[in-house]
Amino acid sequence: MAEADVMIYPFSRSEDPHVDLSSQDAFDNGAPFATFDRMRSEAAVHWTEFTGPDDGFWSVVRHADILQLNRQTGLLSSARGIRMEDQTEEEYEARKTFQETDAPVHRAFRALASKAFSKSTISQYEDRIRQIVTELLDQSFEEREFDATDRIARRLPMQMLGQIIGVPDEDAGWLVERGDALISNADPDYTDFVIDKVDTDEYRLLPFRSPAAVELFDYANDLLDRIEKGEEIGVLNTVLQPTSHGTQMTRDEFRNFFCLLVAAGNDTTRYSIAATIHSLANQPGLLTALQAGNHGGWEGVTDEMIRWATPTTHFRRTATQDFEHAGKTIRAGDKVVLWFLSANRDGDAMSDPYQLQLDRPRNPHLAFGQGGPHICLGMWLAKLEVRVVLEEMTRRLGKIEQIAPHEYLRSNFIHGIKKLPIRVTAR
């Protein structure tokens, strides 16, 4: 592919057109773009067998089909989980957040949370984000050689997490470690309870089947106790207000929401930033163009970098009834997996999808789950953090290069570079 031809360390090393997408090892060599290319060329919808004990699922791989199906919430429900693994009714009820709900419940709770994460609200954090980025770059550039994922991509969202949730800065690192153990539960670098390697049945009623949730639950309970006594704590008071229907998050729902906020609010932004820095290090023309102002504006560049990264690879839905799509019969109860990562490399939806285009005139990427009701709550925060990193690195960099192979997160749900060794020279 084009990206592999020009990079010493390509974003993806995977060239296998038949990767097992149900495996947690599917992304060990990076995104399996060759597999998605083959699937898109063959059919819009594919039946995918599960190599483990769970039932198989339908894979939707083309941009147009994902956009169409993601809108049909009456046909495809989120209320049976958003990952491809099976759950019992008991597990679903114990672990669900508003991500795993349908309207009107989802709409009501989202309306509350959206106030705290709206574009106008998030824009108020820009000065603080720029201050954090400046400090991180100053410290890292003094060393010249460092792991960019650890020193920049991980630390910025970690520090902002504390700011937005309203917890002490010294707690943010601990929260992110627990969040990593949750959402990166297939990677032994982040947890001793690897989801497909050890027996996690004891924790099946906890988010992501992870014992790390117990500690996060305790932390969330303490926050909730303080809020109930009248304390204002970041955005959390907002999401605990009664909805327009008069309902309110229960204690269990709040604890699960808190786990989601800690895990998803950090990881996806981290891996978008890591992919951005990887691109700068491996495609020197990007930095030159950015410094010369040869691009369509920072907002457009940011969207292109996020399209390129697409850290959340898929969301699963469950069919509520039998229906036909693209010549395939999907039965009620079947799992349907929407592969956003494949959609964002679909040449029928965008020109030259395997090239980063800083002035891409139209960017219909689906990295945030656009087109459906579950569009990413933290979208505006992620965009702002990636943009500020881009602006500040462009201002400071004389040269950036990758000096050793990078390592990928072990997961088929979240895709990202977990270790990125680089060398920088300041301007």
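How each quantity is defined
- The numbers attached to residues start from 1 for each chain and follow its sequence in the written order.
- In keeping with the model being predicted, local features are shown solely for residues with a pLDDT of at least 70 and side-chain atom pairs are shown and tallied solely at 80 or more, while totals for entire chains, interfaces and linings include all residues.
- The basis for the side-chain values is all heavy atoms of the structure; hydrogens and waters are excluded.
- A pair of strands is considered paired only if DSSP assigns at least 2 bridges between the two.
- Secondary structure elements follow DSSP: runs of H or I of four or more residues count as helices, runs of E of two or more count as strands, with numbering from the N terminus.
- By the convention used here, residues are in contact when the closest approach between their heavy atoms is within 4.5 Å.
- Only the stretch in contact is used when fitting a helix axis, every axis being a line fitted to C-alpha atoms; angles between N-to-C directions are given from 0 to 180 degrees.
- Any two of the Phe, Tyr and Trp rings considered here, Trp counted by its six-membered ring, make a pair once their centres fall within 6.5 Å; the pair's planes then place it as stacked at under 30 degrees, edge-to-face at over 60, or tilted in between.
- Each residue's exposure class comes from its accessible area (1.4 Å probe, protein chains only) as a fraction of the maximum for that residue type: buried when under 20%, exposed when over 50%, partly exposed otherwise.
- Here, a charge over a ring means that NZ of Lys or CZ of Arg falls within 6 Å of the ring centre while also lying within 35 degrees of the ring normal.
- By convention in these notes, a salt bridge is any Lys or Arg side-chain nitrogen within 4 Å of a carboxyl oxygen on Asp or Glu.
- For classification purposes, angles smaller than 35 degrees are called roughly parallel, those larger than 145 roughly antiparallel, those between 65 and 115 roughly perpendicular, and all remaining angles oblique.
- With the far helix as reference, a near helix turned anticlockwise by less than a right angle produces a left-handed crossing, and one turned clockwise produces a right-handed crossing.
- Only Asp, Glu, Lys and Arg are considered charged, only Ala, Val, Leu, Ile, Met, Phe, Trp, Tyr, Cys and Pro nonpolar, and every remaining residue, Gly among them, polar.
- For every residue, the predictor assigns a confidence score, pLDDT, that lies between 0 and 100.

Considering the sheet that holds strand β1 (residues 45-48)
On the basis of which strands lie adjacent, the open sheet formed by five strands has the order β1-β2-β8-β5-β3 and mixed pairing. Each end of this open sheet is capped by a strand with a single partner; those strands are β1 and β3 (76-77). Here strand β5 (residues 314-319) runs beside strand β8 (residues 335-339); their pairing, made up of five bridges, is antiparallel. Within the sheet, the bridge partner assigned to R317 lies in β8 and is V336. Sheet strands touched by helix α3 (residues 63-70): β2 (57-60), β3, β5 and β8. Its angle to β8, the strand with the most contacts, is close to 125°.

Here's the deal with the sheet that holds strand β4 (residues 145-147)
On the basis of which strands lie adjacent, the open sheet formed by three strands has the order β4-β12-β9 and antiparallel pairing. Looking at the sheet topology across the chains shown, the edges are occupied by β4 and β9 (397-402). Between one strand axis and the next, the sheet turns through 30° on average, direction left out of account. Here helix α13 (residues 251-282) sits on the sheet in contact with β9 and β12 (421-426), set at roughly 100° to β9. Each of β9 and β12 is contacted by helix α17 (residues 379-396), which is oriented at about 110° to β9, the strand it contacts most.

What to know about unusual backbone geometry
Peptide bonds are, in most cases, trans, and in most cases residues other than glycine have a negative phi. The amide bond that connects A103 to the next residue, P104, takes the cis arrangement and shows omega of 5°. Note on placement: P104 falls in the loop between α4 (89-95) and α5 (105-116). Even without being glycine, A326 reaches a positive phi, approximately 55°. Tracing the chain through its elements places A326 in the loop between β6 (323-325) and β7 (328-330).

What to know about the packing of aromatic side chains
Tallied over the entire structure, the rule returns 11 aromatic pairs. The interplanar angle of 15° and the centroid separation of 6.1 Å between the aromatic rings of F315 and F413 together place this pair among those described as stacked. Note that F315 is positioned in strand β5 and F413 in the loop between β10 (407-408) and β11 (417-419), a separation of 98 residues in sequence. On the basis of relative accessibility, which here comes to 10%, the residue F315 falls in the buried class. Among the residues examined, F413 registers a relative accessible area of 5% and is labelled buried. Three or more aromatic residues joined by ring pairs form one cluster here, namely W174, Y219, F254 and F258. R255 extends its terminal NZ or CZ atom over the ring of F217, reaching a point 4.2 Å from the ring centre. The ring of W308 has R345 sitting right over it, with the charged end atom 4.5 Å from the ring centre.

Some thoughts on the pattern of salt bridges
With the rule as written, the count across this model stands at 40 salt bridges. In this structure, D201 and R209 form a salt bridge, with 3.6 Å as the shortest nitrogen-oxygen distance. Judged by its relative accessible area of 43%, D201 falls in the partly exposed class.

Some details on the side chain of Q357
Locating Q357 in the fold gives a position in the loop between α16 (340-343) and α17. Of the residues examined, Q357 reaches a relative accessible area of 16% and is grouped as buried. For Q357, the contacting residues outside a window of four places in its chain are E304, S351 and D352.

A word on the packing of helix α7 (residues 126-143) against α17
Packed helix pairs are characterised by how far apart their axes lie and by the angle those axes make with each other. Packing of α7 against α17 leaves a shortest axis separation of 10 Å and a crossing angle of 45°. As judged from the angle between their axes, α7 and α17 are oblique. As α7 packs across α17, the resulting crossing turns out to be right-handed. Residues E126, I129, R130, V133, T134, L137, D138 and F141 of α7 pack against L381, L384, E385, R387, V388, V389, E391, E392, M393, R395 and R396 of α17. Considering only residue class, the contact of α7 with α17 consists of nine nonpolar, one polar and nine charged.

Some words on the confidence of the model for the protein
Per-residue confidence for the protein averages 92 on the pLDDT scale, and 98% of its residues sit at or above 70. A low-confidence stretch, residues 1-5 (pLDDT under 50), is modelled with 13 contacts involving residues beyond four sequence positions or located in other chains.

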